[in-house]
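Structural overview
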Amino acid sequence: MTQAQLARSSDPLLAVRDVNVVFGGIVALAGVSFDMHQGQILGLIGPNGAGKTTLFNCLSRLYQPSAGDILMEGRSILSRPPHRIAEIGIGRTFQNVALFPNLSVLDNVRVGTHARTSSDIISDSLRLAWVRRSESAVNTKVQEILAYLDLESVAHRTVSGLPFGTQKRVELARALAADPKILLLDEPAGGLNHEEVYVLGDLIRRIRDDRKITVLLVEHHMGLVMSIADHVVALNFGRKLAEGTPAQVQADPDVIKAYLGSKDQ
Ligand SMILES: Nc1ncnc2c1ncn2[C@@H]1O[C@H](COP(=O)(O)OP(=O)(O)OP(=O)(O)O)[C@@H](O)[C@H]1O
């Protein structure tokens, strides 16, 4: 069974149900619903102002829908603050990279593991045996992720001095360090050159295949979305315009019209 078939055969990992978001008088999302299944790479596309970022921000809990629900493994996530979504297996990256610029790559990735470790300041300062064991497990995990993302050679470098493409990889490493079930990627190809986008596509697919992580990709780079997504949801003016395989969505007359319309503006 392929990853895509496997994905469709199970209950949704994440369910977006009739989500509405209104800013003042502007309806940013109106009744958007779709399912994400385990093992899927889902591409969320749409012209400028379609509502992609708003939906992404609802999923990462920065925005609260005015109606509707978002369920992770059947349970609503809407009462959860943004800093507590990692605990239920939702990881994210940011469009413009949000790392600690003056810390090393290693320390930035180590921060990611804290979402899933349970030590506290008293146990840490007493250096209890279980804290030492968990520290050693964290180090092993961080080293494994750095090797996986080919970041070992820059492990001790300060993040601010690294090229943007490398910083984006560090952000991915930090998100992976929290062991997410779903990874939300906000325009990961933004600011990357052609070769880097190709490498990124390959990497996202490997993350899904090797680590069994479900991926939601908000992306303007149509080539990337269409080459790696197995399911695509297209938004326009806050509504779902179409969903299906990349080929189905690309051939949808409403999607074609929405993109041509936006080019003319
Ligand atoms: N914080 C906000 N306050 C007021 N209006 C907002 C806010 N955020 C988004 N909007 C409006 O909501 C609508 C959807 O915007 P959103 O940024 O989600 O679209 P998008 O698909 O991500 O666009 P882009 O591709 O340009 O990033 C737009 O009309 C936008 O102007």
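Just so you know, these numbers come straight off a predicted model, no measurement behind them. (Residues numbered from 1 in each chain as written. Predicted model: local features only at pLDDT ≥ 70, side-chain atom pairs only at ≥ 80, totals over all residues.)

1. A closer look at the sheet that holds strand β4 (residues 67–72)
The strand order β2-β1-β4-β5 describes an open sheet built from 4 strands, whose pairing is antiparallel. Two strands close off the open sheet at either side, each with one partner strand: β2 (26–37) and β5 (75–76). The pairing of β4 with β5 spans 2 bridges and is antiparallel. Looking at β5, one finds that M72 is bridged to R75. (Pairing = 2+ DSSP bridges. Helix = DSSP H or I, 4+ residues; strand = E, 2+ residues; numbered from the N terminus.)

2. Considerations on the site of the ligand
Taken together, F23, I26, A28, G46, N48, G49, A50, G51, K52, T53 and T54 make up all the residues around the ligand. Looking at the shell around the ligand, the elements with two or more residues in it are β2 and α2 (52–59). Counting residues per element, the shell around the ligand draws most heavily on α2, which supplies 3 residues. Here the shell around the ligand is built from residues that sort into 4 nonpolar, 6 polar and 1 charged. (Near = placed C-beta within 6 Å. Nonpolar A, V, L, I, M, F, W, Y, C, P; charged D, E, K, R; others polar.)

3. Observations regarding the domain arrangement of the chain
Each assigned domain of the chain is listed here: domain 1 (1–89 + 181–198 + 209–265) and domain 2 (103–179). Taken residue by residue, the interface counts 7 residues in domain 1 and 7 residues in domain 2. (Domains from an automatic or database assignment. Contact = placed C-beta atoms within 7 Å.)

4. A few points about the nonpolar core
Residues L44, V109, A173, V215, L216 and L217 are the most contacted members of the largest nonpolar core, which totals 65 residues. In terms of domain composition, this core takes at least three residues from each of domain 1 (1–89 + 181–198 + 209–265) and domain 2 (103–179). (Core = buried A, V, L, I, M, F, W, Y, C linked by C-beta atoms within 7 Å. Buried ≥ 20, exposed ≤ 12 C-beta atoms within 10 Å, placed from the backbone.)

5. Remarks on the sheet that holds strand β9 (residues 231–236)
Spatially, the 6 strands line up as an open sheet ordered β6-β7-β8-β3-β9-β10, and their pairing is mixed. Each edge of the open sheet is held by one strand with a lone partner, namely β6 (90–92) and β10 (239–244). Recorded for the sheet is a direction-independent mean angle of 20° between the axes of neighbouring strands. Sitting on the sheet, helix α7 (residues 194–211) is in contact with β3 (41–45), β7 (182–186) and β8 (214–218), with an inclination near 155° to β8. (Axes fitted to C-alpha atoms, helices over the stretch in contact; angles between N-to-C directions.)

6. A few points about unusual backbone geometry
The phi angle at D18 is positive, at roughly 50°, despite the residue not being glycine. You can call D18 partly exposed: it has 13 C-beta atoms within 10 Å. For E187, which is not glycine, the phi torsion reads 45° and is therefore positive. Mapped onto the elements of the fold, E187 is located in the loop between β7 and α7.

7. Let's talk about the environment of M72
Residue position: M72 is located in strand β4. For M72 and G244, which are 172 residues apart along the polypeptide, the C-alpha to C-alpha distance reads 21 Å.

8. Some words on the pairing of β4
Note: strand β1 (residues 12–23) against β4, 5 bridges, orientation antiparallel. The residue bridging R17 from the neighbouring strand is D69, located in β4. If you look at the hairpin formed by β4 and β5, you'll find 2 residues sitting between the two strands, and E73 has a positive phi there, around 50°.

9. A short note on the confidence of the model for the chain
Scored by pLDDT, the chain has a mean of 87; 86% of the residues are at 70 or more. Both confidence scores are given for the complex: pTM 0.87, ipTM 0.96. (pLDDT = per-residue confidence, 0-100.)

10. Remarks on α7
One full turn of an α-helix is made of 3.6 residues, so residues set three or four places apart face in the same direction. Compared with an ideal rise of 1.5 Å per residue, which puts 18 residues at 26 Å, α7 spans 25 Å between its outermost C-alpha atoms and is within 8% of the ideal. Residues of α7 that are buried: L200, G201, I204, I207 and R208. In a view along the axis of α7, the buried residues occupy a sector of 125°, so they form one face of it. Exposed positions of α7 whose direction lies more than 90 degrees from the buried face are E195, D202, R206, D209 and D210. (Expected span 1.5 Å × (residues − 1). Arc of directions from axis to C-beta.)

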